[in-house]
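# Residue-level structural notes
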Amino acid sequence: MKERILTGIKPTGYAHIGNYFGAIKPAIELSKEEKFDCFYFIADYHALTTLKTREEMKEYTYNIACTWLACGLDPEKVVFYKQSDIPEVFELNWILSNVTAKGLMNRAHAYKACVEKNETAGEDRDAGVNMGLYNYPILMAADILLFDANYVPVGLDQKQHIEIARDIANNFNNKYGQTLVEPDGYIQEDFCTLVGLDGRKMSKSYGNTIQLFTSEDVLRKTINRVVTDCRLPGEPKDLDCTVYKLYKLFASAEQTEQFGKKLLEGLGWGDAKKELFEVVNKFIKPMREKYFYFMEHKDEVDKILASGAEKARYVARKTLSKVRKRIGV
Ligand code: TRP
């Protein structure tokens, strides 16, 4: 039997190049390996803890769906669906709540961070915390365990959630007999090291991202915001700079070497950014065309997701029916 890989993508913002290199590209590469069976889904109900309006929900959900399709996800190979289309997830979520210690949720990083912040501010420890945030790890466990996932590719920040899913599966199995697969993380360390416009890690929360799919004009303007030092044209540049690090991601080894040489010979930052824009734009262009195609043909996207949901529910129903038998309902 093939090993199953499953991951969820939360629609809480526009995809940026950090997401592309850290998550999208490696996940799509994994899906091309014959030995794996891949389930990738849009975790829209998880996004409810952050999103404020239905417009955001719709916009970001389509952005994620169209982004993955544009980047080469093949819906014939990958079961690609929306979490909210799988009611079985929410039934399992309740069942799993009953084998999850409250203390385990108290120790989850996201919740703990809120409590610490409240305590520092002298507020009630649970101020601003709703049950969606508190139960988030159980819903995530349901996403994973419902599909017998063996490996879950995620960034380092999600590692604890995979461990929690494993614990919950183990608790269920101990109580009711071997039923659920205990998943392993498939941690992508470099998710954390992609450099943003200001030289820090690229992250939405720092506001230093390069959005993957925008007009050329916006892309150019974003690249012009890359932070540089004050060395003048003619002065040799340090190859530890952000411009060079970003360039390297998009260019061939040969191009990168050439570019490095020019920087050492004193290429000015203005010209360097022009060259950076050229390589980034060339790399993104074919995917961008597909992205805008899908954004203009949302009915096609809806169909792809509906067919993914059907395939996913086939598996989900089987697991859930096993689970229901085990608990005696
Ligand atoms: N919590 C994940 C994130 O913030 C998204 C997610 C939801 C997920 N369910 C999942 C990831 C199941 C992997 C498996 O990015």
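### Side note on the site of the ligand
The full set close to the ligand counts 14 residues, and His 46, Tyr 136, Met 140, Asp 143 and Gln 158 are the nearest of them. Within the side chain of Tyr 136, an N or O atom sits 2.6 Å from a nitrogen atom of the ligand. Between the ligand and Asp 143 there is a distance of 2.7 Å, counted from a nitrogen atom to a side-chain nitrogen or oxygen. Expressed as a share of its isolated accessible area of 360 Å², the protein-covered part of the ligand is 90%. Among the elements of the structure, strand 1 (3-9), helix 7 (131-145) and strand 4 (151-155) are those that each provide at least two residues to the shell around the ligand. Looking at the shell around the ligand element by element, the count peaks at 4 residues for helix 7. Looking at the shell around the ligand residue by residue, the class counts come to 8 nonpolar, 4 polar and 2 charged.

### Structural notes on the pairing of strand 2 (residues 36-42)
Burial analysis of strand 2 places 6 of its 7 residues in the buried class, the great majority of the element. The pairing of strand 1 with strand 2 spans 7 bridges and is classified as parallel. Paired with Glu 3 across the bridge in strand 2 is Phe 36. Following the chain from strand 1 across helix 1 (residues 17-31) to the adjacent parallel strand 2, one finds a crossover that is right-handed. In this sheet, strand 3 (residues 78-82) lies alongside strand 2 in parallel orientation, the contact comprising 5 bridges. Bridge pairing in strand 3 places Phe 41 opposite Tyr 81.

### Thoughts on the environment of Tyr 176
Relative to the helices and strands, Tyr 176 is located in helix 8 (residues 159-176). Taking C-alpha positions, Tyr 176 is 16 Å from Trp 94, a pair spaced 82 residues apart along the chain. Not counting residues within four places of it along the chain, the set of residues in contact with Tyr 176 comprises Val 99, Arg 326 and Ile 327.

### With respect to the pattern of salt bridges
The full count for this structure, using the stated rule, is 19 salt bridges. For the salt bridge of Arg 220 with Asp 217, the shortest nitrogen-to-oxygen distance reads 3.7 Å. A residue pair is termed a helical-turn pair when its members lie 3 or 4 positions apart in one helix, as Arg 220 and Asp 217 do in helix 9 (residues 216-224) at 3 residues. Since its relative accessible area comes to 40%, Asp 217 is described here as partly exposed. Here Lys 274 ties to Asp 271 by a salt bridge, and the two come within 3.9 Å at their closest N and O atoms. Of this pair, Lys 274 and Asp 271 both sit in helix 12 (residues 269-296), 3 residues apart, which is roughly one turn of the helix. Judged by its relative accessible area of 42%, Asp 271 is partly exposed. Each of Glu 88, Arg 313 and Arg 317 takes part in salt bridges that share partners, so that together they form one network.

### Focus on the side chain of Asn 281
Tracing the chain through its elements places Asn 281 in helix 12. Not counting residues within four places of it along the chain, the set of residues in contact with Asn 281 comprises Glu 216, Leu 219 and Arg 288.

### A word on the packing of helix 10 (residues 242-250) against helix 11 (residues 253-264)
For any two helices packed against each other, the geometry is given by the interaxial angle and the distance between the axes. Here helix 10 crosses helix 11 at 165°, and the two axes come no closer than 9 Å. Considering the angle they form, helix 10 stands roughly antiparallel to helix 11. Read as a crossing pair, helix 10 and helix 11 show a hand that is right-handed. Note on element contacts: helix 11 touches helix 10 through Gln 255, Thr 256, Phe 259, Gly 260 and Leu 263, opposite Val 243, Tyr 244, Tyr 247 and Lys 248. Of the residues belonging to the contact of helix 10 with helix 11, the class tally is 5 nonpolar, 3 polar and 1 charged.

### Considering the domain arrangement of the chain
The extent of an interface is frequently quoted as the accessible surface area lost upon association of the parts. What the domain assignment reports for the chain is domain 1 (3-194 + 297-327) and domain 2 (213-291). The interface is formed by 9 residues belonging to domain 1 together with 9 residues belonging to domain 2. Here domain 1 packs against domain 2, burying approximately 830 Å² in sum over the two surfaces, 77% of which is carbon and sulfur. Summed over the three residues of domain 1 that lose the most area to domain 2, namely Ile 17, Phe 21 and Ala 70, the buried surface amounts to 51% of that side. In this structure, the connection of domain 1 to domain 2 is made through 0 salt bridges. Connecting domain 1 to domain 2 are 1 residue pair in polar contact (both at pLDDT 80 or more). Contributions of two or more residues to the side of domain 1 that touches domain 2 are made by helix 1 and helix 3 (54-70). A per-element tally of the side of domain 1 that touches domain 2 places helix 3 first, with 4 residues.

What counts, and at which threshold
Each chain carries its own residue numbering, running from 1 in the written order of its sequence. In view of the model being predicted, local features appear only for residues whose pLDDT reaches at least 70, and side-chain atom pairs are presented and counted only at 80 or more, with totals across whole chains, interfaces and linings using the full set of residues. Side-chain metrics rest on all non-hydrogen atoms present in the structure, leaving aside hydrogens and water. We define proximity as follows: a residue is near a molecule or strand when any one of its heavy atoms falls within 4 Å of that partner. Contacts described as polar in this section are N or O atom pairs within 3.5 Å, which, within protein, must combine one atom able to donate a hydrogen with one able to accept it, while residues neighboring in sequence count only if both atoms come from side chains. Areas reported here follow the Shrake-Rupley algorithm with a probe of radius 1.4 Å; residue values treat only the protein chains shown as occluding. Helix and strand assignments come from DSSP, with helices taken as H or I runs of at least 4 residues and strands as E runs of at least 2, each series counted from the N terminus. Three classes are used: nonpolar for Ala, Val, Leu, Ile, Met, Phe, Trp, Tyr, Cys and Pro, charged for Asp, Glu, Lys and Arg, and polar for all others, with Gly counted as polar. Exposure classes here rest on a 1.4 Å probe applied to the protein chains alone. A residue is buried below 20% of its type maximum, exposed above 50%, and partly exposed in between. A pair of strands counts as paired when DSSP detects no fewer than two bridges linking them. Convention used here: a crossover is right-handed provided that the path from the first strand, over the helix, to the second strand proceeds clockwise when the strands point away from the viewer. In what follows, residue pairs with any heavy atoms lying within 4.5 Å of each other are defined as contacts. Salt bridges, as used here, are contacts in which a Lys or Arg side-chain nitrogen is within 4 Å of a carboxyl oxygen on Asp or Glu. To obtain an axis, a line is fitted to C-alpha atoms, over the contacting stretch when the element is a helix, and the angle between two such axes runs from 0 to 180 degrees between their N-to-C directions. Should an angle lie under 35 degrees it is considered roughly parallel, over 145 roughly antiparallel, and from 65 to 115 roughly perpendicular; all remaining angles are considered oblique. Should the near helix be turned counterclockwise from the far one by less than a right angle, the crossing is left-handed, whereas a clockwise turn marks it as right-handed. These domain limits were set by an automatic method or by a database of domain assignments. Joining two parts hides part of their accessible area as seen by a 1.4 Å probe, and the buried area is that hidden amount summed over both.

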